[in-house]
Amino acid sequence: MSSVKVAVRVRPFNNREISRECKCIIQMSGNTTAITNPKAEPNTKDAQKSFNFDYSYWSHDETDAAFSSQLIVYKDIGEEMLQHSFDGYNVCIFAYGQTGAGKSYTMMGKQEDGQEGIIPQICKDLFTRIRNNNSPDVKYSVEVSYMEIYCERVRDLLNPKNKGNLRVREHPLLGPYVEDLSKLAVMSYQDIHDLIDEGNKARTVAATNMNETSSRSHAVFTIFFTQQRLDETTQLTTEKVSKISLVDLAGSERADSTGAKGTRLKEGANINKSLTTLGKVISALAEIATKNKKSKKADFIPYRDSVLTWLLRENLGGNSKTAMIAAISPADINYDETLSTLRYADRAKQIVCKAIVNEDANAKLIRELKEEIQKLRELLKQEGIEVHEGVCDTKNNREMERARSQSTSLAEEAVDQLQASEKLIAELNETWEEKLKKTEAIRIQREAVFAEMGVAVKEDGDTVGVFSPKCTPHLVNLNEDPFMSECLIYYIKEGLTRIGSDQANIPQDIQLCGLHIKPEHCVFENKDNRITLVPLNGALIYVNGREITEPEQLKTASRVILGKNHVFRFTHPEEARELREKNMITSEHVDWNFAQIELLEKQGVDLKAEMEKKLVTLEEQYRKEKETADQLFEEQRKNYEARIDALQKQVEEQSMTMSMYSSYTPEDFNNEDDIFVNPLFDAECNWTEKEFELAALAWRKWKHHQFTSLRDDLWGNAIFLKEANAISVELKKKVQFQFTLLTDTLYSPLPADLRPVIDYDQDEDVGIPRTIVAVEVQDIKNGATHYWSLDKLRQRLELMREMYHNEAEMSPTSPDYNVESLTGGDPFYDRFPWFRMVGRGFVYLSNLLYPITLIHKVAIVSEKGDVRGYLKVAVQAVMDEDNSDQVGVRQSARIAFETTPKNILDRNIRNMEDRIVEGQNNIDPIKLDELIECDADSGRGDSSVSSDLKEEEIPEHLLIGKEFTFRVTVLQAVGISQEYADVFCQFNFLHRYDEAFSTEPVKNTGKGTPLGFYHVQNITVTTTKSFIEYIKSQPIVFEVFGHYQQHPLHKDAKLEGNVRQPPRRMLPPSIPISQPVRSTKFGALPSPCTAHIHAKADVLVWFEICELAPSGEYVPAVVEHSDDFPCRGLFLLHQGIQRRIRITIVHDPAAEIKWRDVRELVVGRIRNTPESDEDEDNDNSVLSLGLFPGDYLEIPGDDRVMFRFEAAWDSSLHNSPLLNRVTAQGEQIFMTISAYLELENCGRPAIITKDLSMVIYGRDARTGPRSLKHLFSGSYRNTEANRLSGVYELLLRRASEAGVQRRQRRVLDTSTTYVRGEENLHGWRPRGDSLIFDHQWELEKLTRLEEVERVRHTLLLRERLGLDRTLNYNKYRLEYTKNEKEACNMVAKNNNINALANNDTIVEYSDRERELLMRCIRLIQGRHRDSSNNVKDNDVASPSEEVTEMSTSMISSIMSNNSIELCSPERVVIPGECAPFPPMPVSPPGPRDPELVLYVPDMEEIRISPVIARKGYLNVLEHKTQGWKKRWVSVRRPYVFIFRDEKDPVERALINLATAQVEYSEDQHSSVRLPNTFSVVSKHRGYLLQTLHEKEVHDWLYAINPLLAGQIRSKSARCNPQNGNNDLTTSKEVTVNLK
């Protein structure tokens, strides 16, 4: 037994691969072949694969020392296989590989010396060794056969008589063989060479007629080598028969790449079928070789699935010495095919063959065949059929045919086998001389067939091909393809030569096929050496372009066209010889084009004129069709625009109509005459002035919301941004494009080219800033950033495309144009300024009203909201001439504020002004443009204390018409980054960017010292009303610029390295809130509901992971609590222990919230990073857990609703290595869980989603907190501390009726559309909706910074004026904008509360008034009339002293359930009302239908703020409790969390300050004798909190509600100026609603 010899050979690059600049991915070292994956990352597992073979031939580079030539390949493989054939073994060599890999070159080679392949060299060496044999006792004989396997059909290439499909049979001893396949005897190498040449050319000719090509067939060339040796001692002759099979396989092809259809597709499928079957056979044989002997019998080898593998069965794992040569390509573009070939070769290396010496094969076969024939004859004799010897007897054949028709099926099979056996024995008994005679007869038949086909053979019989005979007239074919012309010759014999199709009754000498060819088309008459063409039956025949119907005598070089497609040139050798002697031969070349042009000219057709005429016709047709299409498109556009306008108008009319219908009464519709009248036009509106104001307010509010329009711009233009980045990468431009949002704010004004055009003729509110979508262009090469509009991006993109096409069309040797030009020649780059903006600051001028001097330290803020430094500026009024010495630069200017109407703001109306620059005793007047007036009510707020100054209160120095001079001094800049070398400052009035006052540049040494400008600018203005309004509320803009010391790469991280980061509470959460894990039961997540909110509830959820303890109970795993963890807690688990997940839901009782049961608990997104980047559809770790029924918990003394459920969690089912192994040091495992819970009267489940982090220890490891703080606290030993809490907000929205649910608007998303070169962007994506949310956060930062500067200026001014020490609050009242979140509307509420506090009058209401007020309150709150039982007042005892009595108002407002109506945040405050309303007795609500869908639940996780405002111990008294309890309280706004003690890490209760009310009353304290107490009342319960010390009251109130604490401190200061800071005894009752 021996294995298959496997060799691999790599060829050089071909022209296609060289033109595509392919890289070589094949390396060979010894017998090892390595292939490199061009798509994999280097130094990875899949980067390179290595294979070991018997031979690895490096034929890629001829100059390489390790280059393997044809001779080397033959020395290694050919000589060994030839020696095996002389030893009597069967030999097979076949080449395997893709098309064009070099199989044919390896097997056949070329005709040049040194380029012959294995087949020619084996044949040549075979006969060389035969000739060198001098032994007379040894005789050699060689026979060859050549067959082709095409579309699973076998054809003989050496015998043209066998045109049909040859049958493949199988003999028990011979194995598979081809019946009637010709075996020709050869005597020399030249005979084999000629037969190979004849077979190849016969294939070529046959392919021309049968539409087959050699690349679509497998060729098998077989040499039967016989050695006869005479034994002198026994005088017996022995034979050794060796079969040498040389196989040239067809290359595999792909239907999609070739575009094959119909017959071509079928041919390719058959090729791939045979090659696929060959691969299956190789794999099956390799598996058998690797198994033990017992299992080999059960394996099946699919030999019969293909003719190729059936014939090569003995060569593949049978009686043969086999060698396989795998031809591969070195190019990276063929990586997949090359890797497949190497894998097949590697599998073939394991095949084991059992070769035996074929000795005395003929004698043994003859004997066995005779016995088999005898048995078959006896079988036929039993059937009554007499069969005699001899397969060539015609009579015998007729008898057998008659017998076969009369016999049974068994007899038919026996007769068939008998005939096959007799044919085999006849071939075996055939003598050598008979074989030679048979070969000669077949040669003569082949020449005759070739002559019929128009192919001639030379007289010596050596060459087959087309040549011009010397005497015989003939026709030569002409074809449109020059390579197909003159390939066929048809001889015109003496007498008549008939031409027609194969359907003629009379056999035709020359058979043609195609349209317009008659069965008997024409006759060539050769008489007296003259050729006459005679048409038959009206056949279509042209001679020299003329159609003939009568006999025509032909002359040499005549063009004959038969039918429409068959073109011939007639040649008469004798006439041509005579014309040549007379020099009458024309030099004009006669080909197919010549014949066609001649035909058209003779038929009167001017080809050029016809083409021009046709072209004009097509152009006219195209023009008309284009005009029609343009007209149709224009009409459709107008129709669509008209429909859009009509629909928009209809929507507006319907909205207004519905609004007006809502104000109608039923009596208004009783008039039948007005039924069809549109109330929008004909009905009289009965809105009140208040309703008009509300409608206008709502219109102005929603009119400027841009979320939808911004999404349209982002997603609709994403394809342009992607294409620009792709072109930039391909052209190697160092430019990146990304979307950005720009809003016109004080710190980030829009550039002039990006500012939207405002139509002042329309009634637009120009004060509201607009947000636009722009393109941020990061010029990495020059370290600059530009902003483009979307229109500019499209314009530049057209230029980019043109540059890309020009770049692609340029040749490699052409000179490169200047692509680096930054002056407009390159569309990627813009001019970048020498100085770069550092930031902006603002200084308000309201101090000029008094006048006093203020020195400001304003923040220099960048456009992104980052503080880049501080600027010190002094602003003062110049009352007298100031001639004092001044350090630095001093300048003066004169400006004018003209009063202009609002409707001509920002127009090109300019006044010339004088600017006087004071220098060295010279005055140089300079004209200034008019400063544009800014509207005082532009919406930027009013931070001046003098905003309410009336006209009669204007100071004397600012009288109308009087000149006023003020001075702006730029002192220093602090904290400027050292990356800016030259720094200067310029300032101007608001909205005046074209003219500014500038300082001189100052060198920035970067040593931390302030930059001293000391620039003094005196500004003189004639006082006008617009100027006074400006200095009341508007600031001066200061802009700081700097120049880079060097050009760093543009990266914002480098520029902002030294910038102070915003506080932690301003940053987004450390881990984003995860979306719910997709449920296996409920499918995709439902779209969010947009209906009105019916009820809200704060839900506290406890998460526990329980593990099975030795006692058999599930014990909660240890949890390490810390705010530094992304999930605020870390579960410490053991490996390989059964677990359960336990979830407890805690909230205040609510009639609308009733939990039925949990429907599903899904766990997924297993990862080791906080963020989850895996696609939901590709997440294979999602697992739905088995649930246990949920139940309600009842804890004594706690009336809150507690719903708990558990689920069995088998972490091994996730098939995640992160959960199966012990966690590595420093690693954490994160997962997301989602619980789908069912609520009563809800149409969809409520989803609780939480991210959990964990660490898995060994099974027997002891778990405990890893920090010493938690370890020594010992809290982890408490099982109730081993849980993780989460805060959720549950919203119940009203379920919409059918058809009322508003559909979500779809946006045209172009971000996923493919553009050329997208694969080079490496995952880059354009920004989408997240950009809008990030921009809102940036605007929030800018707004807060602006408010801080305004408040700082106000406080500084009030301090200088001493207003904080007076009680004149109403005259100079502070007003703040809505953006102040935690201290909003302080002074306004203070005034309202003062008014209420000072009003001690208690208004008494009648029963009717109380009932009406209660109805209004219920209507506003949206509540039904609930029942209220009589609740007894519980006795309350203070921990310090026993309380004897409590006021009724205190108990009712804190301890009673009925106080919910009174202390609710939705309570409407009525002026003059202080007495609480009595409870209204109502009937209890009836039971609801559990199947009724009333609400849509929505649960959202609330991330707790990391900032702790206050923490410590408080005495807590809660309603329905019997005494005070000391609890640890932590204030994390907007929540107050209550713990059991300081070491308790789990939140036990929470109070939402956003919906709670804080009450503090000294009168209440004196009545109930509870010092240091205040109450916090939520919607469902009340808390009475008592501090441990008196001094802590103010601190706790300030932490819970800074507004309340400030009011109490301010009130006490006014009442007791001496000890107002520490005395709270005189304060009255103060109640603040925190909502």
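Keep in mind the model is a prediction, meaning the values are calculated, not measured.

## Considerations on the overall build of the chain
And then number 1: From N to C terminus, the chain includes 32 helices and 66 strands.
And then number 2: Of all 1635 residues assigned to the chain, the portion counted as buried reaches 44%.
And then number 3: Excluding contacts between residues fewer than 6 apart, the proportion of contacts in the chain whose partners are at least 24 apart in sequence is 69%.
And then number 4: When the accessible area of the chain is evaluated, it comes to approximately 89,100 Å², of which 50% is carbon and sulfur surface.

## Things to note about the nonpolar core
And then number 1: With 51 residues, the main nonpolar core has Ile26, Ile35, Val154, Val178, Leu249 and Met324 as its most contacted residues.
And then number 2: Residue assignment for this core shows that the elements contributing at least two residues are strand 2 (5–10), strand 3 (26–29), strand 7 (91–96), strand 8 (138–150), helix 7 (263–290), helix 8 (307–311), strand 15 (321–328) and helix 9 (335–348).
And then number 3: For this core, the element with the highest residue contribution is helix 7, accounting for 8 residues.
And then number 4: The contact partners of isoleucine 26, leaving out residues within four places of it in the chain, are Val10, Thr33, Ala34, Ile35, Trp58, Ile328, Ser329, Pro330 and Thr338.

## Points about the side chain of histidine 1594
And then number 1: By the element assignment, histidine 1594 lies in helix 31 (residues 1592–1600).
And then number 2: Residue classification places histidine 1594 among the buried residues on the basis of a relative accessible area of 16%.
And then number 3: When sequence neighbours within four positions are dropped, the list of residues in contact with histidine 1594 reads Ala1605 and Arg1609.

## A few points about the pairing of strand 49 (residues 1139–1147)
Each regular strand displays side chains that alternate between the two surfaces of the sheet.
And then number 1: Along strand 49, 8 of the 9 residues are buried, which leaves the element largely enclosed by surrounding structure.
And then number 2: Note that strand 49 and strand 54 (residues 1198–1209) share 9 bridges and pair antiparallel. Directly across from threonine 1144, in strand 54, lies its bridge partner arginine 1204.

## Brief notes about the packing of helix 18 (residues 707–716) against helix 25 (residues 1329–1361)
And then number 1: Between helix 18 and helix 25, the shortest axis-to-axis distance is 9 Å and the interhelical angle comes to 130 degrees. One way to sum up the angle between helix 18 and helix 25 is to call them oblique. Seen from above, helix 18 lies across helix 25 with right-handed handedness. For the pair helix 18 and helix 25, the contacting residues are Phe707, Leu710, Arg711, Leu714 and Trp715 in the first and Asp1329, Leu1331, Ile1332 and Phe1333 in the second.

## Some details on the pairing of strand 19 (residues 474–478)
And then number 1: Most of strand 19 is tucked away, with 5 of its 5 residues classed as buried.
And then number 2: Burial along strand 19 is two-sided: the residues His474, Val476 and Leu478 and Leu475 and Asn477 are all buried.
And then number 3: Judged from the 5 bridges that link them, strand 19 and strand 29 (residues 566–571) form a sheet pairing that is antiparallel. When the sheet's bridge partners are listed, asparagine 477 is paired in strand 29 with phenylalanine 568.
And then number 4: Relative to strand 20 (residues 489–491), strand 19 is paired through 3 bridges, and the arrangement is antiparallel. Looking across to strand 20, one finds that leucine 475 is bridged to tyrosine 490.

## Points about the sheet that holds strand 3
And then number 1: Sheet architecture is open: 3 strands sit in the order 3-4-5, paired in antiparallel fashion. Two strands in the sheet have a free side with no partner beyond their single neighbour: strand 3 and strand 5 (48–52). Across this sheet, the average inter-strand angle for adjacent strands is 20 degrees, counted without regard to direction.
And then number 2: In terms of strand pairing, strand 3 meets strand 4 (residues 32–36) through 4 bridges, oriented antiparallel. By the bridge assignment for strand 4, serine 29 is matched with threonine 32.
And then number 3: Of the strands in this sheet, strand 3, strand 4 and strand 5 touch helix 9, which is tilted by about 35 degrees from strand 5.

## A few points about the packing of helix 2 (residues 70–86) against helix 4 (residues 118–131)
To describe two helices that pack against each other, one gives the angle between their axes and the distance between the axes.
And then number 1: The geometry of helix 2 relative to helix 4 is characterised by a closest axis approach of 10 Å and an angle of 50 degrees between their N-to-C directions. Comparing their axes, helix 4 and helix 2 come out oblique. When the axes of helix 2 and helix 4 are compared, the crossing they make is right-handed. Where helix 2 approaches helix 4, its residues Gln70, Leu71, Val73, Tyr74, Gly78, Glu79, Leu82, Gln83 and Phe86 are matched on the opposing element by Ile118, Gln121, Ile122, Asp125, Leu126 and Arg129.
And then number 2: The class makeup of the residues in the contact of helix 2 with helix 4 is 8 nonpolar, 4 polar and 3 charged.

## Topic: the sheet that holds strand 30 (residues 735–743)
What links the strands of a sheet is backbone hydrogen bonding, and the strands pair in either a parallel or an antiparallel sense.
And then number 1: Across the sheet, 3 strands lie side by side as 30-31-32; this open sheet has antiparallel pairing. Looking at strand neighbours, the two that pair on one side only are strand 30 and strand 32 (784–788), the edges of this open sheet. Sheet twist, expressed as the mean angle between neighbouring strand axes with direction ignored, is 30 degrees.
And then number 2: In terms of strand pairing, strand 31 (residues 771–779) meets strand 32 through 5 bridges, oriented antiparallel. Within strand 32, the position partnered with valine 775 by the bridge is tryptophan 788.
And then number 3: Packing of helix 18 onto the sheet brings it into contact with strand 30 and strand 31, and relative to strand 31 it is tilted by some 35 degrees.
And then number 4: Each of strand 30 and strand 31 touches helix 19 (residues 718–730); the most contacted strand, strand 30, lies at about 150 degrees to it.

## Remarks on the environment of glutamine 603
And then number 1: Along the polypeptide, glutamine 603 turns up in the loop between helix 15 (592–602) and helix 16 (607–662).
And then number 2: Between the alpha carbons of glutamine 603 and glycine 545 there is a distance of 7.4 Å; along the sequence they are 58 residues apart.
And then number 3: When residues no more than four places from it in sequence are discounted, the contact partners of glutamine 603 are Tyr542, Gly545 and Glu547.

## Some points on the pattern of salt bridges
And then number 1: Within the structure shown, the criterion is met by 55 salt bridges.
And then number 2: Salt-bridge contacts for arginine 155 lead to glutamate 148; the nearest nitrogen and oxygen are separated by 2.4 Å.
And then number 3: Within this structure, Glu1104, Arg1140, Arg1142, Glu1206 and Arg1283 form a network of salt bridges that share partners.

## Observations concerning the packing of aromatic side chains
And then number 1: Inspection of every chain in the model, using the stated rule, returns 25 aromatic pairs.
And then number 2: Centre to centre, the rings of phenylalanine 51 and phenylalanine 53 are 6.2 Å apart; their planes meet at 25 degrees, and the pair counts as stacked. Per residue, the accessibility class of phenylalanine 51 equals that of phenylalanine 53, and both read buried.
And then number 3: For the pair phenylalanine 835 and phenylalanine 984, a centre-to-centre distance of 5.1 Å together with 90 degrees between the ring planes defines the contact as edge-to-face. Of this pair, phenylalanine 835 sits in the loop between helix 20 (790–809) and strand 33 (836–844) while phenylalanine 984 sits in strand 40 (residues 980–989), and the two are 149 residues apart along the sequence.

## Some points on the environment of glutamate 1160
And then number 1: Along the chain, glutamate 1160 turns up in strand 50 (residues 1155–1167).
And then number 2: For glutamate 1160, a relative accessible area of 0% puts it in the buried group.
And then number 3: When the C-alpha positions of glutamate 1160 and alanine 1207 are compared, they lie 9.1 Å apart, and in sequence the two are 47 residues distant.
And then number 4: With sequence-adjacent residues up to four places away left out, glutamate 1160 is seen in contact with Ser1079, Thr1080, Lys1081, Phe1082, Ser1184, Leu1187, Ser1234, Ala1235 and Tyr1236.

## What about the environment of glutamate 1318?
And then number 1: With respect to the secondary-structure elements, glutamate 1318 resides in the loop between strand 57 (1284–1294) and helix 25.
And then number 2: For glutamate 1318, a relative accessible area of 15% corresponds to the buried category.
And then number 3: Sequence-wise, glutamate 1318 and alanine 726 are 592 residues apart; in three dimensions their C-alpha atoms are separated by 5.7 Å.

## Quick word on the confidence of the model for the chain
And then number 1: Of the residues in the chain, 72% have a pLDDT of 70 or more, and the chain-wide mean is 76.
And then number 2: Throughout residues 255–260 the model reports pLDDT below 50, and contacts reaching past four residues in sequence, or to other chains, amount to 4 contacts.
And then number 3: Note that residues 1048–1062 has pLDDT below 50 and, in this model, 24 contacts with residues that lie over four places away or in other chains.

## Some points on unusual backbone geometry
Negative phi values dominate among residues other than glycine, just as trans dominates among peptide bonds.
And then number 1: The amide bond that connects tyrosine 850 to the next residue, proline 851, takes the cis arrangement and shows omega of -25 degrees.
And then number 2: Inspection of the secondary structure puts proline 851 in the loop between strand 33 and strand 34 (854–861).
And then number 3: Of note, the bond from arginine 1533 into proline 1534 is cis; its omega dihedral lies within 30 degrees of zero at 10 degrees.
And then number 4: Tracing the backbone through its elements, the reader meets proline 1534 in the loop between strand 60 (1525–1532) and strand 61 (1535–1539).
And then number 5: In this structure, asparagine 537 is a non-glycine residue whose phi angle is positive, near 55 degrees.

Conventions adopted
Throughout, a residue's number is its position along its own chain's written sequence, starting from 1. Per-residue local features are limited, in this predicted model, to residues with pLDDT of at least 70; the limit for side-chain atom pairs, both in listing and counting, is 80 or more; totals at the level of whole chains, interfaces and linings are taken over all residues. To get the side-chain values, take all heavy atoms of the structure and skip hydrogens and water. Secondary structure follows DSSP: runs of H or I at least 4 residues long count as helices, runs of E at least 2 residues long count as strands, and numbering of each begins at the N terminus. Classification of residues uses two cut-offs on accessible area relative to the type maximum, computed with a 1.4 Å probe and protein chains only: under 20% is buried, over 50% is exposed, and between them is partly exposed. Residue contacts are defined here by distance: any two heavy atoms, one from each residue, within 4.5 Å place the two residues in contact. Methods summary: accessible areas were calculated by the Shrake-Rupley approach with a probe of 1.4 Å, and residue burial reflects only the protein chains presented. What is meant by a nonpolar core is a set of buried Ala, Val, Leu, Ile, Met, Phe, Trp, Tyr and Cys residues, joined one to another through side-chain atoms within 4.5 Å. By definition, two strands form a pair when at least two bridges between them are found by DSSP. To define axes, lines are fitted to C-alpha atoms, for helices over the stretch in contact only, and angles between the resulting N-to-C directions are given on a 0 to 180 degree scale. Should an angle lie under 35 degrees it is considered roughly parallel, over 145 roughly antiparallel, and from 65 to 115 roughly perpendicular; all remaining angles are considered oblique. Each crossing is labelled by how the near helix is turned from the far one, with a counterclockwise turn of less than a right angle marking it left-handed and a clockwise turn marking it right-handed. When residues are grouped by polarity, Ala, Val, Leu, Ile, Met, Phe, Trp, Tyr, Cys and Pro land in nonpolar, Asp, Glu, Lys and Arg in charged, and all others, Gly among them, in polar. Salt bridges are defined as contacts in which a side-chain nitrogen from Lys or Arg sits within 4 Å of a carboxyl oxygen from Asp or Glu. Pairing of aromatic side chains here covers Phe, Tyr and the six-membered ring of Trp, requires ring centres within 6.5 Å, and sorts the geometry by plane angle: under 30 degrees stacked, over 60 edge-to-face, intermediate tilted. Summary of the metric used: pLDDT quantifies the predictor's per-residue confidence within the range 0 to 100.

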